[in-house]
Amino acid sequence: MSLTTAHSVVAPSTNSKRIAGAIIIAYALISIVPLLWIFATSFKTPPDSIAYPPKILFQPSLEGYCNLFTTRTRQTPEYINSLGPATGFCDETTRKRNMVIAGPSNFLPRFVNSLIIAFGSTFCAVFLGTLSAYGFSRFKVPLADDLLFFILSTRFMPPIAVAIPIYLMYRELGLSDTALGMILLYTAVNVSLAVWLLKGFIDEIPREYEEAAMIDGYTRLQAFWRTVLPQATTGIAATAIFCLIFAWNEYAFAALLTSGTAQTAPPFIPTIIGEGGQDWPAVAAGTTIFLVPILVFTILLRKQLLRGITFGAVRK
Amino acid sequence: MLNRTAENVARATPEPLARKVRGISDKGLAWLFISPTILLLLAINIFPLFWAIYLSFTNYRANRPNEVVKNLGLANYQRILGDKDIWIAMQTTAHFVFWTILLQTLIGFTLAWLIDRKFRGHAFWTTLILVPMMLSPAVVGNFWRFLYEPQIGLFAYAISFVTRIPPTDIQMLSNVSLAPWSIIIVDTWMWTPYVMLICLAGLRSIPEYIYEAAEVDRASNWRQFWSITLPMALPFIMLAVLFRGIENFKMFDMVNLLTGGGPGSTTEVASITLKRQAFESWRTGYSSAFAIILFVAVFGLANIYVKALNKVKQR
C-alpha cells in the first residue's frame, strides 16, 4: 500500500534488527560466561571451587585472595592453638584449615615485574616508533618500503624460534632473567607495530603545519616537537596501549627466558599450587587481578582497536 | 667579509623549507630518527636469526657449551624432513589452523553481519564480545583447563546438562580425539571477536549507494548478499585469515597450558615440538634447523597469500 523508497528498503527492518540483536546478545552473554566464572571462582573457598555440580550460589570468601598473596604451612592443631590470637582475616582463615601463614607469596613481585617490563618496553617502543614513523612519513628514505616490510616481517617469526638464539645471546651478555633483557626483547617485538600504526597516524597530519612552523623560524626538530607531537597524541596513546597489552599478555618469551627474578605474571599464575593440585580460587584471584588493567584498556580503546590489531592496514 | 655577504644573501632568499637545520640535514635527521629502531631490530631479531641459521648446520647443544661444535652441513635439515614425528606435528598444526580459521571466519563474519544492522545497544554488546581477545592466551589456557575438568568443571557440566551424557565421559583434555577440539574451542572463543572486528570494518566500507542501485534493479536480498556484500568484504575477510593464520601457525602459549601437547602427542603443534627439542632435549642445532624451516614456511605461505589478496583487492 505504502510507497517504499529505495533507502527505506535498504535499511534493515525493525524485525531483522531485533533478531540480530537477540543473537548478538546471546553470543556475548555465552562468551562472557568463562570470565564471569573466573571472577566468581576467585571469591569461592577451595572446597566450593571444586564442588560438583558447580556452585553458582555460594558464600563469598576472600580466601582465594589470601592464598594468592601468602604461602602457608600445615601445622598441628596444638601448635596453632598455642599461637596468639589471629592477626587478621587471612590469618584466621588459614588457621581454620590447620595451616599457618609462612610468608608472602611470589605473586606481588611477579606482578610488579609485569608492570615494570610492560611499561618499560611500551615506553621504549613508542619512543623509537614515533621517531621512526616520523622519519618514514616525512623524509625520503631510500628503500623505505623494503625497510617497512622488514620491520613488519620481524613479527612473522614464531617466538620459540627466536627464543633459542636469544637465549644463547642473553646468556653470553648476562641478560637472561633480567628485566632489562625482557624490556629490550618486548621493545623489539612491539616496535614494528608502533612504527606501522604511528606512520598511519602521522601521515594524516598535514605537512603544512610543520612547514608553517618552519617558516615562522622553528627548526625541523622544534616543528616536530611543537606541531606534530601534539597532533599525534591520540595515535601515540592508542599505540602505547596496544604495546602495553602485548607486553602484559606475553607468555612464550617470558616462560623460556625468565625463571626467577624477572619472571612476569603470565608464566607465574599457572604455577600457583595449593595442597593436592592447583589452588583454583587463588589462581582465579591472580587471574582476576591480572585481567583488570586489560579490561579497562579495552573499554578505553574500543574505537582504535581495529587499527591496532591490523597494524593499521584497516582504517576505521 | 665574504661570509657576511653569504649570510645576507641567505637571509634575503627564502629558505627552501629548512634544508639544513643547525648542521643536521633532513637526510641526516631521517637517519637519526630511523636508525635506533633498525639497530634494535638488527640486534634482537636479525642477529639471532643469523645465529640460528649458523647453529642449524651444527650439532651444538646449549646445555653443553664446552663441547666441540661440529659442522654437520645439511644433515639437520635432512633429518627433519625425514622425521615422521615432525610431519605429524605439521599435520596437527595444519589441522588446528584449518579448523580454527574456518570456525572463526564463519562465526566472526556472521556476527559482524548481524552487528552491522545497528540494533539498539550494539556498541555495548560489541565491546563485551571483544573482551576475550584482549586476554593473555596463557592465563586463558590455564583457566580453561579448570573449566574442562570432567568432575568439577563448568564446561563438562553444561554439556552433560544439555546432552545427558555423564560428565565423566566428557574428558576434553585427556581423550585422544577430543583434546585437539578442546584447543580449537578455546581458540575460537578467544579469537572470533578479532575476525568479527575486521569483517565489520569490511562491511562498513561498502558504500550504501551500491545497495540502492541493486534495489532499483530489484535484486533479491540473497542476490545482494552474494554479489555485493560478500565480494566487497572479501579482502577484509582474507586479511583476517592472514593474521589469524600467521598467529595460529606459531601458536604456543594456549596449547602449552591447556594440554602441553598431550595426551601423548595428539596436540603437539609445531611450536610445542620446537620447545621440546630446544629446551627439553637441548638439541639446539636440530631445533634451530626446524625453526628456520618453520620461519621460511610462514614467510613463503604469507607471501603467496598476500599476492592472492592483492589480486582480490584489485578486482
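Residues numbered from 1 in each chain as written. Chains lettered and ligands numbered in written order. Predicted model: local features only at pLDDT ≥ 70, side-chain atom pairs only at ≥ 80, totals over all residues. Heavy atoms only, no water.

Asker: An account of empty space enclosed by the protein is requested, with residue identities and associated values reported.
Answerer: Gaps between atoms show up when a probe of the same size as a water molecule is rolled over them. Overall, the coordinates contain six cavities of 30 Å³ or more when judged by the stated rule. Here the largest cavity is characterised by a volume of approximately 1,000 Å³. In terms of lining residues, the largest cavity is bounded by 40 residues, among which R155 and F246 of chain A together with W191, E247 and K250 of chain B are the most central. Elements with a minimum of two residues in the lining of the largest cavity: α9 (159-173), α10 (179-203), α13 (233-249), α14 (252-257) and α17 (305-309) of chain A together with α2 (26-55), α8 (179-204) and α10 (221-249) of chain B. For the lining of the largest cavity, the leading source of residues is α10 of chain B, giving five residues. (1 Å grid on protein atoms, 1.4 Å probe; cavity = no way out; pocket = protein on both sides within 12 Å on 5 of 7 lines; lining within 4 Å. Points joined across faces, edges and corners; volume = space filled by probe spheres on them. Helix = DSSP H or I, 4+ residues; strand = E, 2+ residues; numbered from the N terminus.)

Asker: Help me get a handle on the nonpolar core, residues and values and all.
Answerer: Grouped together as the largest cluster of nonpolar side chains are 195 residues, with contacts concentrated most on F253 of chain A together with F143 and W144 of chain B. At 15 residues, α8 of chain B tops the list of elements feeding residues into this core. A domain-level breakdown of this core finds at least three residues from each of domain 1 (2-41) and domain 2 (77-314) of chain B. Contact partners of F143 of chain B, with chain neighbours within four places excluded, come to W37, I38, T41, W280, V283, A284 and T287 of chain A. (Core = buried A, V, L, I, M, F, W, Y, C linked by side-chain atoms within 4.5 Å. Buried < 20%, exposed > 50% of the residue type's maximum accessible area, 1.4 Å probe, protein only. Domains from an automatic or database assignment. Contact = heavy atoms within 4.5 Å.)

Asker: Can you break down the interface of chain B and chain A residue by residue, with the values?
Answerer: Taken together, the contact between chain B and chain A spans 99 residues of the former and 102 residues of the latter. Together, F33, M134 and F143 of chain B form the three largest contributors to the area buried by chain B at its contact with chain A, with a combined 8%. Inspection of the chain B/chain A interface yields zero salt bridges. Our count for the chain B to chain A interface comes out at eleven residue pairs in polar contact (both at pLDDT 80 or more). With 22 residues, the top contributor of residues to the side of chain B that touches chain A is α2 of chain B. Taken together, the residues of the side of chain B that touches chain A break down into 73 nonpolar, 15 polar and eleven charged. (Buried area = accessible area lost by both parts, 1.4 Å probe. Salt bridge = Lys/Arg side-chain N within 4 Å of Asp/Glu carboxyl O. Polar contact = N/O pair within 3.5 Å; in protein donor to acceptor, adjacent residues only side chain to side chain. Nonpolar A, V, L, I, M, F, W, Y, C, P; charged D, E, K, R; others polar.)

Asker: Talk me through the UniProt feature "transmembrane region" (unreviewed entry) in chain B; I want residue IDs and the actual numbers.
Answerer: All names here are of chain B. Those residues carrying the UniProt feature "transmembrane region" (unreviewed entry) are residues 29-54, 96-115, 122-144, 181-203, 224-246 and 286-306 in this numbering. Counted over residues 29-54, helix gives 100% and strand 0%. Its end C-alpha atoms are 35 Å apart. Secondary structure content for residues 96-115 is 100% helix and 0% strand, and the end C-alpha separation is 28 Å. (UniProt positions renumbered as here; feature names shortened; annotations may be inferred.)

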